[in-house]
Amino acid sequence: MSAASLDPLTLAETWKAEGRDVAIATVIETWGSAPRPVGSHLIIDAEGNFEGSVSGGCVEGAVITEALDVLEAGTPKLLEFGVADETAWRVGLSCGGRIRVYVEKLN
Amino acid sequence: MQIEVLKQVNSARQARQAVVIVTDLAAGSTIVFTEGQPVPECLRDVVGKALQTGKSGLAEADGAQVFLNVYLPPPRIVAIGAVHITQALARLAPMMNFDLSIIDPRTAFATPERFEGVDLIADWPEDVLKDRGLDAYTALVAVTHDPKIDDYPIADALRSRCFYVGALGSRKTHAKRIERLKEVGLSDEDISSIRAPIGLDIGASSPEEIALAIMAEIVQAFRRRPISGQSA
């Protein structure tokens, strides 16, 4: 697979054109040693297929679950993950950083 | 996000144009600006700063918290001349995160042995640049010393609004070059933007030092480049 076809935003357009529901998750803020920089994208479809990353694997599972809700409800969500947070321990942002992720539906 | 927004972002990125998505986090609404498009007063500062620095992040605009996601085309250097200076430049450019291509029709200079792992094209600039156009995120470095090779890409770079156009040569050589560029219809203003003598003045003497002076001048030109559309 070519680099271009793995680009999340290019793929989001392709998925949408195929008639799939698509959510876009974006890192909007980081503190400490966050694995992916602000602006990074993860895209998710209604079946839970995904491409890209917001944390290099640490919190993707949780973001995908939330994205399925966003796709159903249609309203965006702001998520926060970090070591100080109970959820973060559960989902494991083991690098010790904190991140905020904005999840929205592609309409 | 609307699909129209995503399409505009993707086509701008495809065309190597800078683009910014502005998301109002409370309202969930999204707008997009491609570089050069007019930006409303309330967003002008934050959008301008984002385009200048290439840094995505949160900002306040009109009392609302917005997130700006910036997509800048990866900056690149096109060097004319497979010479000693560009051998050194080929080692500096990747360190500074610039892609580099070297063009030189003289096959004695443009050999893979001298430029291992470098995107090297042994052909005339006018033929090569037809297929890979110069743009505002490209720096043009002309260092063959030969007007037959350097003049065309310099003129093309000025017309393509490259953020940096540098040409090797003494002041005397450059004075003659200015005359030739005027003859092909370039304005005094365009011509005056050529960096000649090339490179920041660090007293560079060896080819490696000249490459460093050129690289530093390219970084300076990129970081201080004017952003179009901001006065609109």
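This structure is a prediction, so every number in the text was calculated from the model and none was measured. Each chain has its residues counted from 1, running along the sequence as written. Ligands are numbered from 1 and chains lettered from A, in the order in which they are written. In view of the model being predicted, local features appear only for residues whose pLDDT reaches at least 70, and side-chain atom pairs are presented and counted only at 80 or more, with totals across whole chains, interfaces and linings using the full set of residues.

## Here's the deal with the interface of chain B and chain A
Listed by partner, the interface residues are 15 residues for chain B and 18 residues for chain A. Of all the elements in the fold, those that place two or more residues in the side of chain B that touches chain A are helix H1 (3-14), strand S3 (57-61) and strand S4 (64-71) of chain B. Residue contributions to the side of chain B that touches chain A peak at five residues, all from H1 of chain B. Residue composition of the side of chain B that touches chain A, grouped by class: seven nonpolar, seven polar and one charged. Each residue gets a C-beta atom placed from its backbone, and two residues are in contact if those atoms lie within 7 Å. Helix and strand definitions follow DSSP, with helices as H or I runs of at least four residues and strands as E runs of at least two, each counted in order from the N terminus. The nonpolar class holds Ala, Val, Leu, Ile, Met, Phe, Trp, Tyr, Cys and Pro. Asp, Glu, Lys and Arg form the charged class, and all remaining residues, Gly among them, are polar.

## A closer look at the environment of Gly57 of chain A
In this fold, Gly57 of chain A is placed in the loop between strand S3 (50-52) and helix H2 (60-73). In this structure, the C-alpha to C-alpha distance between Gly57 of chain A and Leu106 of chain A, residues 49 residues apart in sequence, is 23 Å.

## Considerations on helix H3 (residues 84-95) of chain B
All names here are of chain B. Here exposure depends only on C-beta density: within 10 Å of a residue's C-beta, 20 or more other C-beta atoms make it buried, 12 or fewer make it exposed, and intermediate numbers make it partly exposed, the C-beta atoms being placed from the backbone. Those residues of H3 not exposed but buried are Ile85, Thr86, Leu89, Ala90 and Ala93. One side of H3 holds all its buried residues, which, seen down the axis, span an arc of 140°. Elements in contact with the buried residues of H3: strand S5 (76-80), strand S6 (99-103) and helix H8 (207-223). Asn97 sits one or two residues past H3 and shows a positive phi near 60°. Picture the helix axis, draw a direction to every C-beta atom, and the arc is the one those directions span.

## Looking at the UniProt feature "domain: XdhC- CoxI" (unreviewed entry) in chain A
In this numbering, the UniProt entry assigns the feature "domain: XdhC- CoxI" (unreviewed entry) to residues 15-82 of chain A. The span residues 15-82 of chain A is 25% helical and 35% strand by assignment, and the distance between its end C-alpha atoms comes to 31 Å. UniProt positions are given in the numbering used here, feature names are shortened, and annotations may be inferred rather than shown by experiment.

## Overview of the sheet that holds strand S2 (residues 41-45) of chain A
All names here are of chain A. Across the sheet, which stays open at both edges, the five strands sit in the order S3-S2-S1-S5-S4 with antiparallel pairing between neighbours. Of all the strands in the sheet, the pair left with one neighbour each is S3 and strand S4 (77-82). Strand-to-strand twist of the sheet, defined as the mean angle between neighbouring strand axes without regard to direction, takes the value 20°. Of the strand pairs in this sheet, S2 and S3 are connected by three bridges, and their pairing is antiparallel. Note that in S3 the partner of Ile43 across the bridge is Glu51. This element, helix H1 (residues 8-17), spans strand S1 (22-31), S2 and S3 of the sheet and lies at about 20° to S2. Angles run from 0 to 180 degrees between N-to-C directions of axes, and those axes are lines fitted to C-alpha atoms, restricted for helices to the stretch in contact. Across the sheet, H2 lies against S1, S2, S3, S4 and strand S5 (98-105), angled at about 30° from S5, the strand it touches most. Strand pairing is assigned whenever DSSP detects at least two bridges linking the two strands.

## Considering the sheet that holds S6 of chain B
Residue and element names in this part refer to chain B. The sheet built from five strands is open, its strands ordered S7-S6-S5-S8-S9 with parallel pairing. The outermost strands of the open sheet, each flanked by one partner alone, are strand S7 (119-121) and strand S9 (164-167). Strand-to-strand, the axes of this sheet are offset by a mean angle of 15°, without reference to chain direction. The pairing of strand S8 (residues 138-142) with S9 spans four bridges and is classified as parallel. Paired with Ala139 across the bridge in S9 is Tyr164. Where H8 meets the sheet, its contacts fall on S5, S8 and S9, and the angle it forms with S9 comes to roughly 155°.

## With respect to the confidence of the model for chain B
Confidence scores per residue from the predictor, reported as pLDDT, run from 0 to 100. Chain-level pLDDT for chain B is 93 on average; 97% of the residues reach the 70-or-more range. On the interface metric, ipTM, the complex scores 0.83, and its pTM is 0.74.

## So, the nonpolar core
Ranked by internal contacts, the top residues of the largest apolar core, which has 45 residues, are Ala23, Ala25 and Val101 of chain A together with Val20 of chain B. Tallying contributions element by element places S1 of chain A first for this core, with six residues. Only buried Ala, Val, Leu, Ile, Met, Phe, Trp, Tyr and Cys residues enter a nonpolar core, and they are joined through C-beta atoms within 7 Å. Core analysis: the next-biggest nonpolar cluster, separate from the first, contains 43 residues, Ile77, Val118, Ala142 and Ile149 of chain B among them.

## Focus: the pairing of S4 of chain B
Across a regular strand the side chains alternate sides, sitting on one face of the sheet and then on the other. Residues and elements named next belong to chain B. Here six bridges tie strand S1 (residues 19-24) to S4, and the two strands are oriented antiparallel to one another. What sits directly across from Val22, in S4, is Leu68. Counted between consecutive antiparallel strands, the loop separating S3 from S4 contains two residues, among which Asp62 sits at a positive phi close to 55°.

## Some thoughts on the confidence of the model for chain A
The share of residues in chain A with pLDDT of 70 or more is 82%, and the mean pLDDT across the chain is 85. When pLDDT is averaged over each element of chain A, S2 of chain A comes out on top at 96 and helix H3 (residues 86-91) of chain A at the bottom at 54.

## Concerning the UniProt feature "domain: XdhC Rossmann" (unreviewed entry) in chain B
According to UniProt, the positions carrying the feature "domain: XdhC Rossmann" (unreviewed entry) are residues 78-218 of chain B. From the first C-alpha to the last, residues 78-218 of chain B spans 12 Å; its make-up is 44% helix and 14% strand.

## Let's talk about the environment of Ile103 of chain B
Residue and element names in this part refer to chain B. Structurally, the position occupied by Ile103 is in strand S6. Between the alpha carbons of Ile103 and Asp123 there is a distance of 6.5 Å; along the sequence they are 20 residues apart. Ignoring any residue separated from it by four or fewer positions in sequence, one finds Ile103 in contact with Val78, Ile80, Ile121, Asp123, Pro125 and Val128.

## Brief notes about H2 of chain A
Residues and elements named next belong to chain A. For H2, with 14 residues, the first-to-last C-alpha span of 20 Å sits near the 20 Å given by 1.5 Å per residue. Taken together, the buried positions of H2 are Glu60, Val63, Ala67 and Val70. Projected down its long axis, H2 carries its buried residues within an arc of 70°, all on one side. Among the exposed residues of H2, those oriented more than 90 degrees off its buried face are Thr65, Glu72 and Ala73. Those residues of H2 hidden inside the fold are in contact with S1, S2, S3, S4 and S5. Helices are assigned an expected span. That span is 1.5 Å times one less than the residue count.

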